[in-house]
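Below, each chain spelled out in residue letters.
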Amino acid sequence: MNPARAMAAALAVVLTVPGPAARAATPDIEQAYAVPGPWAVETYTIDTRYVVTHPADLGANGFRHPIVTWGNGSDAGPERYAGVLRHLASWGFVVIASTSTTTGSGTEVLAAAEHLIAENAVPAGRFTGTLDTTRVAAAGHSQGAGGAARATLASNGLIRTVVAFNPPDPIWIPDADEIDVSEVTVPVLLLSGVRDTLISPPRTLTGYYDRIPGPAVRAALRAAGHNTIQDDGGGYLGYLAAWLRYQLTDDGRAADAFLGAHPELLGNTAWSNQAAKHLRSPRHHLAPARRRHAEHGDGDPHTRTLTLKP
């Protein structure tokens, strides 16, 4: 059998969720998306303002990459999240991170997304014609989590989903960076750590979750503290990649981590304080040619070939 097909078949087996008991016992979806995806990865610096982490083979076979704009936590730059940004790029996302260490206003987070969208339209540029500018997510850590939410509210519908890691309790947020999460209507993934007892304890996640009117998921990783997401991403990578694949590529298997009668995340004993509400099934409205598109790695034996199917 062709090695690429064999690897694709293996991933399909890993991602198959046979029933409620198996979901609770073995987090197959989390494990599948916690390993690097099929794309080789490169990093590109734009001036001194942005670091872009992206699939090396941009636009292979006409694929258009969704965009993720990242907000750093306080006094941290993109280098502190290199493992996270590279992981997302390996799953087909083009990730842009401002080099600012104060992203709570959301200004830098939104400007980064807008910069990439402009780059997609320039003649003969690095990203020209390779980005899906209709599928944009904002994600961030701590102060940057609030920045991601504020950027979303200011984006006039550009940003379609938010991932907030360790969003600070309101007592830590300056008046200028306050946000009313009841105004956020796009799907939101709220993640924190049980050991983050000071800045973003589980009760803070619950408070934000309860005030979000639209689709939302919350969960606290038992073995995580406030900065676990930094460097290699700790135990967050699997559900982070699955959420973005679900929201931005209509990946039905990734969606099973959050949807259905027994969503995997809600039954995963490595997590606590889990809840989900108002989630929708993947929309499956990709154009037929793109649904059939195969995502390619760089020939490395550890990469896989995936096919987006209707």
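What you see is a predicted model; the values in this text were computed from it and never measured.

Colleague: Would you mind going over the overall build of the protein chain with me for this structure?
Modeller: Check the secondary structure of the protein chain and you find eleven helices and eleven strands. When burial is assessed residue by residue, the protein chain has 55% of its 310 residues classed as buried. Within the protein chain, contacts between residues separated by at least 24 positions form 74% of all contacts whose residues are at least 6 apart in sequence. Surface exposure of the protein chain reaches about 12,500 Å², of which carbon and sulfur atoms provide 54%.

Colleague: Help me understand helix 4 (residues 82-90) in this model?
Modeller: Note: α-helices contain 3.6 residues per turn, so residues at a spacing of three or four share the same orientation. Residues Val-84, Leu-85, His-87, Leu-88, Ala-89 and Ser-90 constitute the buried set of helix 4. Buried positions along helix 4 lie against helix 3 (28-34), strand 1 (41-46), strand 2 (50-55), strand 3 (65-71), strand 4 (94-98) and helix 8 (237-249). Positive backbone phi, approximately 100 degrees, marks Gly-92, located one or two places after helix 4.

Colleague: Can you walk me through the packing of aromatic side chains in this structure?
Modeller: Aromatic ring pairs are defined here through the distance separating the ring centres and the angle between the ring planes. Summed over all chains, the structure comprises twelve aromatic pairs. What links up through ring pairs into an aromatic cluster is the set Trp-70, Tyr-81, Phe-165, Tyr-236, Tyr-239, Trp-243, Tyr-246, Phe-258 and Trp-271. Directly above the ring of Tyr-209 sits Arg-218, whose terminal nitrogen or CZ lies 4.8 Å from the centroid.

Thresholds, definitions, all that
- Residues numbered from 1 in each chain as written.
- Predicted model: local features only at pLDDT ≥ 70, side-chain atom pairs only at ≥ 80, totals over all residues.
- Heavy atoms only, no water.
- Helix = DSSP H or I, 4+ residues; strand = E, 2+ residues; numbered from the N terminus.
- Buried < 20%, exposed > 50% of the residue type's maximum accessible area, 1.4 Å probe, protein only.
- Contact = heavy atoms within 4.5 Å.
- Areas by Shrake-Rupley, 256 points an atom, 1.4 Å probe, with all protein chains shown as cover.
- Phe/Tyr/Trp six-rings, centres within 6.5 Å; stacked < 30°, edge-to-face > 60°.
- Lys NZ or Arg CZ within 6 Å of the ring centre and 35° of its normal.

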